[in-house]
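Observations on the three-dimensional arrangement
In case you want the letters, here they are:
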Amino acid sequence: MNDTHDEFADWDAAYVLGALSTADRAAYEQHLNGCPECAQAVRGLAVIPGLLGKVPPEDVPGEAVDPLPADLLARTRQAAQGEVTQLRRRHRRLVSLVAVAASVVLLIGGLGVGAVLWSQRDTAPGVAVVMHQVEANPLRASIHLQDRAWGTEIEMKCTYTSSAGWGGREVYALYVVDDAGRATSVSTWAAAPGSTSELTAATAVPRAQIAHLQVRTAAGKILLTANPD
Ligand SMILES: [Zn+2]
């Protein structure tokens, strides 16, 4: 850290991706010589051009094998947004940083992370539902319902606690019962005492038309139920 650090602290990604102007690049490199903190940041990001160029990891030399920082996208977007407020004075850097942000989004999207981030931003948070026991049994389950254009996505976490009188590996099924009383099995799974099952299921029934969610035994006995509305 030195007394010009605040000015340069968010330039690391732009530098590594080659998005700085010649003058900015020279100024940043001069700062790097005296700032271990920025030098460390650049080393941490140095793997990016290799990834963008789809160079195999073993071809990226030396210290450039650190994992991609988890907050890189957020920091880069933040840096670009910060520049928007200074648009009149620093137009050229804005263009550079937006290009960097776009590159990073493409990069992370290519790694399968960006798509998740963006899809989460575009969807409603969904509804959490706790299932209730119809009679005492060792299953506990919570459900998350997400509206989709095609129906409802169902995420379920089901824990099978050890319990006297129960035991062994059994098959269970998750049923969706719609407002008309039609019951459809949307998922089956096998569970044993002490296990936790996490599964994702889907139904064409819109969330508003789901009357009940039920966990049943293979023999059809209803163990857990929930009324999402
Ligand atoms: Zn610095």
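Please read these numbers as outputs of a predicted model, since none were measured by experiment.

Scoring rules and cut-offs
- Numbering of residues starts from 1 in every chain and runs along the sequence as written.
- Given that the model is predicted, a residue must reach a pLDDT of at least 70 before its local features are reported, and side-chain atom pairs must reach 80 or more before they are shown or counted; all residues, however, enter totals for whole chains, interfaces and linings.
- The basis for the side-chain values is all heavy atoms of the structure; hydrogens and waters are excluded.
- Note on conventions: DSSP H or I runs of at least 4 residues are helices, E runs of at least 2 residues are strands, and numbering of each starts at the N terminus.
- When accessible area is computed with a 1.4 Å probe and restricted to protein chains, residues below 20% of their type maximum are described as buried, those above 50% as exposed, and intermediate ones as partly exposed.
- For accessible areas, the Shrake-Rupley method is used with a probe of radius 1.4 Å. Any residue's cover is judged against the shown protein chains and nothing else.
- Lines fitted to C-alpha atoms define the axes here, with helix axes fitted over just the stretch in contact, and angles between the N-to-C directions of these axes take values from 0 to 180 degrees.
- Each angle gets one of four labels, with under 35 degrees taken as roughly parallel, over 145 as roughly antiparallel, 65 to 115 as roughly perpendicular, and the rest as oblique.
- By the convention used here, residues are in contact when the closest approach between their heavy atoms is within 4.5 Å.
- Residue classes follow a fixed rule: Ala, Val, Leu, Ile, Met, Phe, Trp, Tyr, Cys and Pro count as nonpolar, while Asp, Glu, Lys and Arg count as charged, and any other residue, Gly among them, counts as polar.
- Classification of ring pairs rests on two measures: the distance between centres of Phe, Tyr or Trp rings, Trp counted by its six-membered ring, which must be within 6.5 Å, and the angle between planes, read as stacked under 30 degrees, edge-to-face over 60 and tilted in between.
- UniProt positions are given in the numbering used here, feature names are shortened, and annotations may be inferred rather than shown by experiment.
- Salt bridges, as used here, are contacts in which a Lys or Arg side-chain nitrogen is within 4 Å of a carboxyl oxygen on Asp or Glu.
- The donor set comprises N, O and S atoms within 2.8 Å of the metal, extended to 3.2 Å for Na, K and Ca; water molecules are omitted, so apparent gaps in a site may simply reflect that omission.
- Only four donors with every angle between 85 and 135 degrees are called tetrahedral; only four or six donors with opposite donors over 155 degrees apart and all others between 65 and 115 are called square planar or octahedral, in that order; all others are irregular.
- At least two DSSP bridges between two strands are required for those strands to pair.

**Brief notes about the overall build of the protein chain**
Looking only at helices and strands, one finds eight helices and nine strands in the protein chain. Counting every position in the protein chain, which comprises 229 residues, the buried fraction comes to 37%. Entry remark: accessible area of the protein chain is about 13000 Å², with carbon and sulfur atoms responsible for 54%.

**Structural notes on the packing of helix H3 (residues 22-34) against helix H4 (residues 36-45)**
Their axes nearest at 6 Å, the elements H3 and H4 cross at an angle of 110 degrees. The angle between H3 and H4 falls in the class roughly perpendicular. Each of Tyr 28, His 31, Leu 32 and Gly 34 in H3 lies in contact with H4, whose residues at this interface are Pro 36, Cys 38, Ala 39 and Val 42. Looking at the contact of H3 with H4, its residues break down into six nonpolar, two polar and no charged.

**What about the packing of aromatic side chains?**
Enumeration over the complete set of coordinates arrives at six aromatic pairs. An angle of 70 degrees between the planes, with centres 5.0 Å apart, marks the rings of Phe 8 and Trp 11 as edge-to-face. Assessed through its relative accessible area of 6%, Phe 8 is described here as buried. Since its relative accessible area comes to 2%, Trp 11 is described here as buried. Considering the side-chain rings of Trp 11 and Tyr 28, the 6.1 Å spacing of their centres and the 25 degrees angle between planes classify their relative orientation as stacked. Separated by 17 residues along the polypeptide, Trp 11 in the loop between helix H1 (5-8) and helix H2 (12-16) and Tyr 28 in helix H3 bring together distant segments of the chain. Members of the aromatic cluster, each reached through a chain of ring pairs, are Phe 8, Trp 11, Tyr 15 and Tyr 28.

**Points about the environment of Ile 222**
In this structure, Ile 222 sits in strand S9 (residues 222-226). Here Ile 222 falls in the partly exposed class, since its relative accessible area comes to 28%. The sequence separation of Ile 222 and Val 134 amounts to 88 residues, and the corresponding C-alpha distance is 6.9 Å. Those residues in contact with Ile 222 that sit more than four places away from it in its chain are Val 134, Gln 214, Val 215 and Arg 216.

**What to know about the UniProt feature "domain: Putative zinc-finger" (unreviewed entry) in the protein chain**
Following the UniProt record, one finds the feature "domain: Putative zinc-finger" (unreviewed entry) at residues 14-39. For residues 14-39, the end-to-end C-alpha separation is 14 Å, with 77% helix and 0% strand making up the annotated structure.

**Some words on the pattern of salt bridges**
Scanning the model with the defined rule gives five salt bridges in all. Close ionic contact of Glu 153 with Arg 148 constitutes a salt bridge, the shortest N to O distance being 3.0 Å. Its relative accessible area of 17% is what places Glu 153 among the buried residues. For Asp 178, the salt bridge is made with Arg 182, and the minimal N-O distance between the two is 3.1 Å.

**Observations concerning the coordination of the zinc ion**
Bound to the zinc ion are the protein donor atoms His 5 (ND1), His 31 (NE2), Cys 35 (SG) and Cys 38 (SG), situated 2.0 to 2.3 Å from the metal. One can describe the site at the zinc ion as tetrahedral: its four donor atoms subtend angles covering 100 to 134 degrees at the metal. Mapping the donors of the zinc ion onto the primary sequence yields the spacing H-x25-H-x3-C-x2-C.

**With respect to the sheet that holds strand S2 (residues 132-133)**
Read from one edge of the open sheet, five strands run S2-S9-S8-S5-S6, paired in antiparallel fashion. Strands at the two margins of the open sheet, each flanked by one partner only, are S2 and strand S6 (183-191). Judged from the eight bridges that link them, strand S5 (residues 170-178) and S6 form a sheet pairing that is antiparallel. Bridge pairing links Leu 174 to Ser 187 in S6.

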